[in-house]
2 protein chains.
Amino acid sequence: MDTQHYLQAAERLCAANGGKLTELRRQVLELVLGYPGVVKAYQVLADLQRDRGAAAPPTVYRALDYLAQYGMLHRVDALNGYIVCHHFECSHQALILACEQCGGVEELDADATFQSLSQTTARAGFVPRAQSLVLTGSCKHCHS
Amino acid sequence: MDTQHYLQAAERLCAANGGKLTELRRQVLELVLGYPGVVKAYQVLADLQRDRGAAAPPTVYRALDYLAQYGMLHRVDALNGYIVCHHFECSHQALILACEQCGGVEELDADATFQSLSQTTARAGFVPRAQSLVLTGSCKHCHS
DNA sequence: TAGGTAATGTTATACAGTAACATCCGCGGT
DNA sequence: ACCGCGGATGTTACTGTATAACATTACCTA
């Protein structure tokens, strides 16, 4: 999916949730799209300051939170960063593989895994919130 | 396992890895043990300052890192905190269930789950590092 | 056009983590 | 006993991450 179609799909997703892909959100989404892997909030902030002259942390955090809330981005806790989700239109659970060596990130569909996890946690009476699972490790290019 | 036996086991674990459960590390471990769920580094720092008069962030982070390195604690990225592992003596993968409502944390053994995850990631050529998986959601006392 | 709501701007600050270097302390070798 | 070494801790200062609180704007609608 190229950037144009991606952004159109993002607009539809926002609209479907009663919101809008505002100029700021679109700009932030494009910035994150421009990075191959995980991006930090303050990197986006710096880019934003370069592009539009002024921006403060809340500005970028609000946009990132919004985009993550509806699945266009995934927050990667282990890395304090964000990655683009390239298939938010299909309902899915994401399994994010973050390489500790090269910083690269890959996303797998993990509906089946999530099912099996849910069964495990059900025995403890625990209901997991739909979310992204993150594994750190080494990717195929990096493991020695 | 009561605190006395737990600390003795911790001492053994440190020794087995060529280290020591120093006074500072023991103190930090006891502090974390005193909390029912997840604890933040700066909470431990405050406790430490109360108990011994002075302490700076590196002091507590070094101790926490050491304890987590050998499995006495687990770091919970999603919450920027740490929890005690009550069964570090059995080799295991931890599956941590963190309740978003009450802040409570439960830990399950997840060797089987980790196996299945590894199989999934192997198809992408990815080798996950042994680590703790964290799921957020709602525990049996809290889901409405 | 007044009033409400969502979004954004602004300031300040809280919270999290680490770099760099100084000091101490226990221990093996002589 | 003394030296020298390495691990652990202390200290200072800083960088990075995130949010609270409030002001302002933009836009829709009654």
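So, here is what we can say about the structure in this document. In this convention, every chain numbers its residues from 1, walking through the sequence in written order. Here the convention is simple: chains get letters from A, ligands get numbers from 1, in the order in which they are written. Totals for whole chains, interfaces and linings use all residues, but because this is a predicted model, local features are given only for residues with pLDDT of at least 70 and pairs of side-chain atoms are given and counted only at 80 or more. Side-chain numbers here rest on the full set of heavy atoms in the structure, without hydrogens or water.

## Details of the sheet that holds strand β1 (residues 39–40) of chain B
Across a sheet, strands are paired by hydrogen bonds formed along the backbone, either parallel or antiparallel in direction.
Residues and elements named next belong to chain B.
No. 1: By this definition, two strands are paired if DSSP reports at least two bridges between them. Note on conventions: DSSP H or I runs of at least 4 residues are helices, E runs of at least 2 residues are strands, and numbering of each starts at the N terminus. With antiparallel pairing, the 3 strands of this open sheet are ordered in space as β1-β3-β2. Strands at the two margins of the open sheet, each flanked by one partner only, are β1 and β2 (73–76).
No. 2: Pairing of β1 with strand β3 (residues 81–84) involves 2 bridges; the strand directions are antiparallel. The residue of β3 that forms the bridge with K40 is G81.

## Some details on the protein's contact with DNA strand D
No. 1: The criterion for a residue being near a molecule or strand is simple. One of its heavy atoms has to lie within 4 Å of it. For DNA strand D, the set of nearby residues contains 15 residues, the closest of which are Y42(A), Y61(A), R75(A), T22(B) and R62(B).
No. 2: Take the atoms of DNA strand D that sit within 4 Å of the protein: sugar and phosphate atoms are 49% of them.
No. 3: Contact between DNA strand D and R52(B): a phosphate oxygen at 2.9 Å from a side-chain N or O atom of the residue.
No. 4: Two N or O atoms count as a polar contact when they lie within 3.5 Å, although within protein this holds only if one can serve as hydrogen donor and the other as acceptor, and sequence-adjacent residues are included solely when both atoms are side-chain atoms. At 3.4 Å, a side-chain N or O of T59(B) approaches a phosphate oxygen of DNA strand D.
No. 5: For the surface near DNA strand D, a count of residues per class yields 7 nonpolar, 3 polar and 5 charged. Side-chain classes follow a simple rule in which Ala, Val, Leu, Ile, Met, Phe, Trp, Tyr, Cys and Pro form the nonpolar group, Asp, Glu, Lys and Arg form the charged group, and the remainder, Gly included, forms the polar group.

## Examining the packing of aromatic side chains
Aromatic ring pairs are described here by two measures, namely the spacing of the ring centres and the angle between the planes.
No. 1: Pairing of aromatic side chains requires ring centres within 6.5 Å, counting the rings of Phe and Tyr and the six-membered ring of Trp. Pairs whose planes differ by under 30 degrees are stacked, by over 60 edge-to-face, and all others tilted. For the structure shown, the criterion picks out 6 aromatic pairs over all chains.
No. 2: Plain terms: the ring middles of Y6(A) and F88(A) are 5.3 Å apart, the flat faces sit at 80 degrees to each other, and that makes the pair edge-to-face. Pair noted here: Y6(A) is in helix α1 (residues 3–16) and F88(A) is in the loop between β3 (81–84) and β4 (94–99), with a separation of 82 residues, a long-range link. F88(A) carries the same exposure label as Y6(A), and that label is buried.
No. 3: Relative to Y61(B), the ring of Y42(B) lies with its centre 6.3 Å away and its plane at 65 degrees, an arrangement referred to as edge-to-face. Of this pair, Y42(B) sits in helix α3 (residues 41–52) while Y61(B) sits in helix α4 (residues 57–69), and the two are 19 residues apart along the sequence.
No. 4: In this structure, R25(A) is placed above the aromatic ring of Y66(A), and the distance from its NZ or CZ to the ring centre is 3.6 Å. We call a residue buried when its accessible area falls under 20% of the maximum for its residue type, exposed when it is over 50%, and partly exposed in between, using a 1.4 Å probe and counting protein chains only. Two conditions define a charge sitting above a ring: the NZ of Lys or the CZ of Arg must be within 6 Å of the ring centre, and it must be within 35 degrees of the ring normal.

## Let's talk about the sheet that holds strand β1 (residues 39–40) of chain A
All names here are of chain A.
No. 1: As summarised here, the arrangement of the 3 strands in space is β1-β3-β2, forming an open sheet in which the pairing is antiparallel. Strands at the two margins of the open sheet, each flanked by one partner only, are β1 and β2 (73–76).
No. 2: Residues count as neighbours in contact if any of their non-hydrogen atoms are within 4.5 Å of one another. Structural elements are reduced to axes, namely lines fitted to C-alpha atoms, with helices fitted over the stretch in contact, and the angle between N-to-C directions of any two is expressed from 0 to 180 degrees. Helix α2 (residues 23–33) rests against β1, β2 and β3 of the sheet, and its axis sits at about 90 degrees to β3.

## Side note on the pattern of salt bridges
All names here are of chain A.
No. 1: By definition, a salt bridge exists where a carboxyl oxygen of Asp or Glu is found within 4 Å of a side-chain nitrogen of Lys or Arg. This structure, assessed with the given rule, holds 12 salt bridges over all chains.
No. 2: A salt bridge links E89 to R12; the shortest N-O distance between them is 3.5 Å. Pair noted here: E89 is in the loop between β3 and β4 and R12 is in helix α1, with a separation of 77 residues, a long-range link.
No. 3: A residue is classified by how much of its surface remains accessible, and R12, at 48% relative accessible area, is partly exposed.
No. 4: A salt bridge links D77 to R75, with the nearest nitrogen and oxygen atoms 3.0 Å apart.
No. 5: Taken together, the shared-partner salt bridges in this structure form one network comprising E23, R26 and E30.

## Points about the relation of the copies chain B and chain A
Note on the chain copies: they are related by a rotation about an axis and a translation along it.
No. 1: Relative to chain A, chain B is turned by 179 degrees and slid 0.0 Å along the rotation axis, the superposed coordinates differing by an RMSD of 0.1 Å. Such a turn and shift between the copies fits a two-fold axis. No C-alpha of chain B approaches the rotation axis more nearly than that of D77(B), which lies at 2.8 Å.
No. 2: A symmetric contact is evident, with 100% of the interface residues of chain B recurring at the interface of chain A. To line up the copies, we fit them by least squares on C-alpha atoms, keeping just the residues with pLDDT of at least 70 in both.

## Some thoughts on α2(A)
Helical geometry: 3.6 residues make up each α-helical turn, so side chains three or four residues apart lie on a common side.
No. 1: Here α2(A) has its buried residues at Q27(A), V28(A), L29(A), L31(A) and V32(A).
No. 2: The inward-facing, buried residues of α2(A) abut α1, β1, α3 (41–52), α4 (57–69), β2 and β3 of chain A.

## Brief notes about the interface of chain B and chain A
No. 1: Between chain B and chain A, the contact holds 30 residues from the first and 30 residues from the second.
No. 2: For the pair chain B and chain A, the summed buried area comes to about 2500 Å², and 62% of that belongs to carbon and sulfur atoms.
No. 3: Put simply, buried area is the surface a 1.4 Å probe can reach on two separate parts but cannot reach once they are joined, added for both. Of all residues in chain B, A124(B), F126(B) and L135(B) give up the largest surface area on contact with chain A, accounting jointly for 22% of the area buried on that side.
No. 4: Summed over the shared surface of chain B and chain A, the result is 0 salt bridges.
No. 5: Counting the contacts that link chain B with chain A gives 4 residue pairs in polar contact (both at pLDDT 80 or more).
No. 6: Looking at the side of chain B that touches chain A, the elements that each hand over two or more residues are β4 (94–99), β5 (105–109), α5 (111–122), β6 (127–128) and β7 (133–138) of chain B.
No. 7: Bridge analysis of strand β6 (residues 127–128) of chain A against β7(B) gives 2 bridges, and the strand direction is antiparallel. Paired with P128(A) across the two strands is G137(B), which belongs to β7(B).

Functional significance is not addressed by these values, which are geometric in nature.
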